[in-house]
Structures are given as structure tokens and as C-alpha cells.
Amino acid sequence: MITLKNIVKAYDSKKDSSRAVDGLDLVINKGEFVALLGPSGCGKTTTLMMLAGLLKPTSGEIYFGDRLVNHVEPKDRNIGMVFQSYALYPHLTVRDNIAFPLRERKMPKAQAYERAKEMGKIVQIDHLLDRKPSQLSGGQQQRVAMARALAKDPEILLLDEPMSNLDARLKLDVRDEIRKLQRDLGVTTIIVTHDQEEALAISDRVAILNNGKIQQYAPPEELFSQPVNLFVASFLGNPPMNLIDGVIKEENGEQKIVTSGFQFRIPEARKLEAAHIDKPVKLGVRPHDFMLAEQTDSNAFPMKVDLVEHLGSGKLVKVIDPEQKLQTTIRFLADNETDVRHGDTIRMKIRENKFHVFDMTAEGLNLMQFR
Ligand SMILES: Nc1ncnc2c1ncn2[C@@H]1O[C@H](COP(=O)(O)OP(=O)(O)OP(=O)(O)O)[C@@H](O)[C@H]1O
Ligand SMILES: [Mg+2]
């Protein structure tokens with residue numbers, strides 16, 4: 001188990017604003033695969049470097065199991081690391097690259113080479129052991145870097161954007177391979193990425209960072225369906241969640257959200273606390289959670305189709321309210337069979353309980369209770 005306790009990293013300790021990591025708490029279980037995900041500059045690499053021991057936290061504690069490792073040298077941490085650039089030694093063969101960390105640990109050459117061959121087999125590059133890195137494709141170099149990181153049987157594997165140099169197709173294959181390898185070896189793994197699809201696909205849990213702080217740490221499906229705040233909600237998802245200004249109203253014990261273009265009833269099970277009544281909020285609905293209403297649906301509203309984009313797997317429909325009072329264009333995803341055209345007036349509804357309500361504080365907290 002890895003525990004980060006209230007970790008702060010200020011590159012310039014005199015300035016509070018220079019905190020690259022700002023009070024980070026994180027627990028990673030043994031054998032778990034965790035992603036650090038967030039926009040550029042949010043502190044992902046800084047966090048990984050502190051785990052590796054290449055940077056010292058300004059304050060806070062890092063534990064591997066019960067052992068405080070703040071002052072333990074990188075070479076004594078039993079970690080393997082793969083960087084974005086792979087950082088292979090260009091003048092060494094693949095065999096010597098993989099064997100390098102073992103030779104550093106004074107393993108006899110024959111034994112280190114044997115191990116290099118074994119690792120080469122695992123990542124399927126054992127036919128390339130005599131080549132130099134420049135004679136390999138990007139994907140092959142990536143495998144060599146993985147083999148080198150795993151050669152000394154590390155307890156922890158740290159990956160910093162390890163797939164960013166690969167083309168889209170290869171990325172998918174390598175992603176699956178990394179996950180499979182990680183499962184087979186049971187090595188605790190932390191991957192840094194700003195690719196949300198990658199993070200969600202590969203990880204047991206994802207920590208979403210912004211401004212050096214964890215916004216939410218949860219399994220992928222929970223982040224997606226139960227975002228704790230506006231940042232997480234709008235960061236995840238493509239096309240992004242629709243965010244619409246509205247006000248909570250209550251009449252005859254029934255709550256509704258009133259926007260300038262439409263209104264809809266909040267189901268009984270999702271009712272908000274009385275304190276929120278008459279307060280402005282942001283309504284959040286994912287594009288696939290809007291749908292065409294049936295004749296019998298009472299909780300529906302009219303919208304006018306402005307644009308239909310064909311995505312192949314379906315249609316992305318942009319709608320505006322017929323009176324054009326709503327400032328926001330709503331995007332919703334329809335299947336290919338849905339017959340909607342520019343200029344049509346349609347009746348829409350929101351999928352049962354698939355909406356979020358965020359308050360107007362700086363944090364934009366999600367007010368929905370998830371039960
Ligand atoms: N050596 C350094 N000296 C001063 N500031 C730094 C240093 N390294 C990083 N920073 C700053 O710390 C913040 C976090 O940087 P970090 O590299 O951890 O971000 P990141 O999340 O990995 O971003 P990216 O996705 O672009 O790689 C940034 O504001 C960055 O400018
Ligand atoms: Mg980085």
C-alpha cells in the first residue's frame with residue numbers, strides 16, 4: 001500500500017502560489033492500477049517524481065506500506081519507471097538496456113542477460129535484443145522501456161505518459177498489453193496521463209487533479225456518473241456534459257428546475273434540500289442522457305433542431321429552444337435510426353435521474369444525493 005499524506009510541493013518555497021502539489025492525500029492499494037489525470041500543469045509529474053524519490057516533498061509524508069520513504073533514495077525504493085521519452089540508452093543494445101538496472105545492482109552479466117531475455121519474451125521483443133533503440137519502432141521502444149522498468153521485479157511501477165509517442169491504433173494495443181502485464185505481475189502501478197479515455201480504460205481508480213489538488217478519487221464509472229463537482233463533471237466526457245443555468249423552484253411540494261428555455265420536474269427521489277429553493281444552479285446533463293420524448297411523457301419540453309452531425313456510430317444533434325431564450329446550445333447523442341433534421345421541432349426529455357445539479361460556489365459542488 002502506498003500512502004500520500006498531505007503532500008505539498010512548492011518549487012519556490014517563498015511563494016504560496018507556486019505550489020505545484022497542494023495538500024495531496026492518496027492511498028493506493030497493493031496491486032492496484034491508479035491513474036493521475038488532469039490538465040497540463042496540475043501536478044501529475046511532480047507527484048510521480050516524489051513517489052520515485054527524484055523530488056522531495058516540501059511537506060507531508062509518503063509511506064510504502066508502513067515505511068516512511070521521504071528520505072529514501074530512488075535506487076532503494078524498489079520502483080520501476082517509464083517516462084514519456086522512454087529514456088533508452090541510444091548506444092546500448094536492447095539487451096543491455098534491459099539489463100542495465102540489474103548490472104547496476106551488481107548482478108553477474110550472464111544472469112542479467114538471461115533475465116533480459118526473459119523480460120524480452122514477456123513484452124514480445126526477444127527477437128530484437130541485438131538491435132539499438134534507433135533501429136526500433138516507437139511501439140517497440142516502448143516495450144523495451146517497459147521491460148527495463150520491470151526487469152528488477154519492482155514493487156511499484158511508475159508510468160509518465162508512456163503512450164503519448166504512439167499512434168492512436170498502437171496506443172490501444174499497448175494499453176491492453178500494459179494492463180495485462182500489470183495484472184499478471186501484480187505490480188502496483190501509477191500512470192500519469194492527460195488522456196481521459198486512456199485513464200478510464202486502464203485503471204482501477206482514477207485521481208482527478210486540478211491546481212495541485214485532488215478533485216475526486218474513484219473508479220472510472222463512479223467519476224463519470226457521480227462527479228463531485230463542476231470541474232470533474234466538465235473535464236470528463238466527450239462530447240462534454242451540457243451545463244445550463246437554472247433556478248430550483250418548488251410548488252405544491254413538487255420541485256422543478258427552471259431554465260430560460262425549458263423546465264422539468266425533479267423526481268421525488270432526487271429532491272433537493274429546502275435551502276436550495278429559489279437559488280441559481282447549473283443543471284448538468286450528459287449528451288447521451290437527453291432523448292426524444294414519447295407522446296405520453298409529461299416531463300418533456302420542446303426544442304428546435306439546429307444542426308445534425310453524423311458521427312458514424314450515431315448522430316450528434318444540437319438543439320436550441322424554440323423561442324431562443326436559452327443562451328446555451330444543447331448537444332445530445334441520438335442513434336442513427338433517429339430521424340431528426342435541421343429546423344424540426346422535437347420534444348425532448350432527460351433520461352430518468354440522469355442529471356446533476358451544481359451550486360454556484362467556486363467549487364461548483366454537486367448537490368444531488370447519490371443513493
Ligand atoms: N522544476 C520546476 N521548477 C519550477 N516549477 C515547476 C518545475 N516543474 C514543474 N513546475 C511547475 O509545477 C506545476 C506542475 O507541473 P507538473 O510537471 O507536475 O504538471 P503535469 O500535471 O505533469 O503537466 P503536463 O500534463 O503538462 O505534463 C506547473 O505549474 C509547472 O510549471
Ligand atoms: Mg507531466
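Rules and cut-offs
- Every residue gets a number counted from 1 within its own chain, in the order that chain's sequence is written.
- The order in which chains are written sets their letters, starting at A; the order in which ligands are written sets their numbers, starting at 1.
- Whole-chain, interface and lining totals are the exception, using all residues; otherwise, since this is a predicted model, local features are given only for residues with pLDDT of at least 70 and side-chain atom pairs are given and counted only at 80 or more.
- Hydrogens and water molecules were not included; the side-chain quantities draw on all heavy atoms of the structure.
- The working definition used for a salt bridge is a side-chain nitrogen of Lys or Arg within 4 Å of a carboxyl oxygen of Asp or Glu.
- For the purposes of this entry, the term helix denotes a DSSP run of H or I that reaches at least four residues, the term strand denotes a run of E that reaches at least two, and both are numbered from the N terminus.
- The buried label goes to any residue with under 20% of its type's maximum accessible area, the exposed label to any with over 50%, and the partly exposed label to all in between, with areas taken from a 1.4 Å probe on protein chains only.
- At least two DSSP bridges between two strands are needed for those strands to be called paired.
- To define axes, lines are fitted to C-alpha atoms, for helices over the stretch in contact only, and angles between the resulting N-to-C directions are given on a 0 to 180 degree scale.
- An automatic or database domain assignment supplies the residue ranges for each domain.
- The contact definition used throughout considers only heavy atoms, calling two residues in contact when any of these lie within 4.5 Å.
- By buried area we mean how much accessible surface two parts lose on assembly, using a 1.4 Å probe and totalling the loss over both.
- Pairs of N or O atoms within 3.5 Å make up the polar contacts considered here, provided that, within protein, one atom can donate a hydrogen while the other can accept it, and that residues adjacent in sequence are counted only when both atoms are side-chain atoms.
- As defined here, a cavity is a set of points on a 1 Å grid over the protein atoms alone where a 1.4 Å probe fits but cannot get out. A pocket is an open set with protein on both sides within 12 Å along at least five of seven lines, and residues line them when an atom is within 4 Å of a point.
- Grid points are joined across faces, edges and corners, and a volume is the space filled by probe spheres set on the points.
- Put simply, Ala, Val, Leu, Ile, Met, Phe, Trp, Tyr, Cys and Pro go in the nonpolar bin, Asp, Glu, Lys and Arg in the charged bin, and everything else, Gly too, in the polar bin.
- Expected helix span is taken as 1.5 Å per residue step, with the number of steps being one fewer than the number of residues.

Peer 1: I would appreciate a short explanation of the pattern of salt bridges in the present structure.
Peer 2: A pair can form between side chains of opposite charge whenever their charged atoms are brought close. Counted by the stated rule, this structure contains 21 salt bridges. Taking the shortest distance from any N to any O, the salt bridge between Asp130 and Arg95 comes out at 2.6 Å. With Asp130 in the loop between helix H3 (109–122) and helix H4 (138–151) and Arg95 in helix H2 (residues 94–104), the pair connects residues that are 35 residues apart, well separated along the chain. Residue class for Asp130 comes out exposed when judged on its relative accessible area of 60%. Between Glu118 and Arg115 there is a salt bridge whose closest N-O contact spans 3.0 Å. In this pair, Glu118 and Arg115 both sit in helix H3, three residues apart, roughly one turn of the helix. Connected through shared salt-bridge partners, Arg19, Asp22 and Lys213 make up one network.

Peer 1: Sorry, what's going on with the sheet that holds strand S19 (residues 345–350) here?
Peer 2: Strand pairing in a sheet takes place through backbone hydrogen bonds and is either antiparallel or parallel in direction. Strand order across the open sheet formed by five strands is S15-S19-S16-S17-S18, with antiparallel pairing between neighbours. Whereas interior strands pair on both sides, the edge strands pair on one side only; in this sheet they are strand S15 (290–292) and strand S18 (330–334). Along the sheet, successive strands turn relative to each other by an average axial angle of 50°, direction set aside. Pairing geometry for strand S16 (residues 301–310) and strand S17 (residues 315–320), over six bridges, is antiparallel. Bridged to Val308 within S17 is Val317.

Peer 1: What is the right way to look at the domain arrangement of the protein chain in this model?
Peer 2: Interfaces are often described in size by the accessible area the parts lose on coming together. Split into domains, the protein chain comes out as domain 1 (2–235) and domain 2 (242–358). The C-alpha-based centres of domain 1 and domain 2 are spaced at 41 Å. With seven residues of domain 1 at the interface, the matching set in domain 2 holds six residues. With both chains or domains summed, domain 1 and domain 2 bury close to 600 Å², and 69% of this area falls on carbon and sulfur atoms. On the domain 1 side of the interface with domain 2, the three residues burying the most area are Phe224, Leu230 and Ala233, jointly 67% of the side's total. Joining domain 1 to domain 2, the criterion identifies zero salt bridges. Remark: the boundary between domain 1 and domain 2 carries one residue pair in polar contact (both at pLDDT 80 or more). Looking at the side of domain 1 that touches domain 2, the elements with two or more residues in it are helix H7 (220–225) and helix H8 (230–235). With three residues, the top contributor of residues to the side of domain 1 that touches domain 2 is H8.

Peer 1: Even after reading the chapter, I still don't get the layout of surface pockets, so can you show me in this structure?
Peer 2: With a probe scaled to a water molecule rolled over the atoms, the places where space remains empty come into view. Computed from the structure, the largest pocket encloses a volume of approximately 560 Å³. Forming the walls of the largest pocket are 17 residues, and the residues nearest its centre are Ile79, Met81, Pro101, Glu104 and Lys152. Elements with a minimum of two residues in the lining of the largest pocket: strand S6 (79–82), H2 and H4. Tallied by class, residues from the lining of the largest pocket come to 11 nonpolar, one polar and five charged. The calculated volume of the second largest pocket comes to roughly 320 Å³. In this structure, the second largest pocket is lined by 23 residues; those nearest its centre are Lys30, Pro154, Glu155, Ile156 and Thr188. Here the lining of the second largest pocket gets four residues from one element, more than from any other, and that element is H3. Of the residues in the lining of the second largest pocket, the class split is 11 nonpolar, five polar and seven charged.

Peer 1: How should unusual backbone geometry be read in this particular structure?
Peer 2: Leave glycine aside and you will find that most residues have negative phi; peptide bonds, for their part, are mostly trans. A cis amide bond links Asn238 to the next residue, Pro239, at an omega of -5°. Along the polypeptide, Pro239 turns up in the loop between H8 and strand S11 (242–251). Phi at Gln324 is positive, roughly 55°, even though this residue is not glycine. Mapped onto the elements of the fold, Gln324 is located in the loop between S17 and S18.

Peer 1: Just to check I follow, could you spell out the environment of Phe235 for this structure?
Peer 2: Along the polypeptide, Phe235 turns up in helix H8. With 159 residues separating them in the primary sequence, Phe235 and Asp76 have C-alpha atoms 37 Å apart.

Peer 1: In this structure, what is going on with H3? I would like to understand it.
Peer 2: Structurally, the α-helix is built with 3.6 residues per turn, so residues lying three or four positions apart point the same way. Here H3 contains 14 residues, and its C-alpha end-to-end distance of 20 Å stays within 8% of the 20 Å for a straight helix at 1.5 Å per residue. Buried positions along H3 lie against H2 and H4. The first or second residue beyond H3 is Gln124, which carries a positive phi of 60°.

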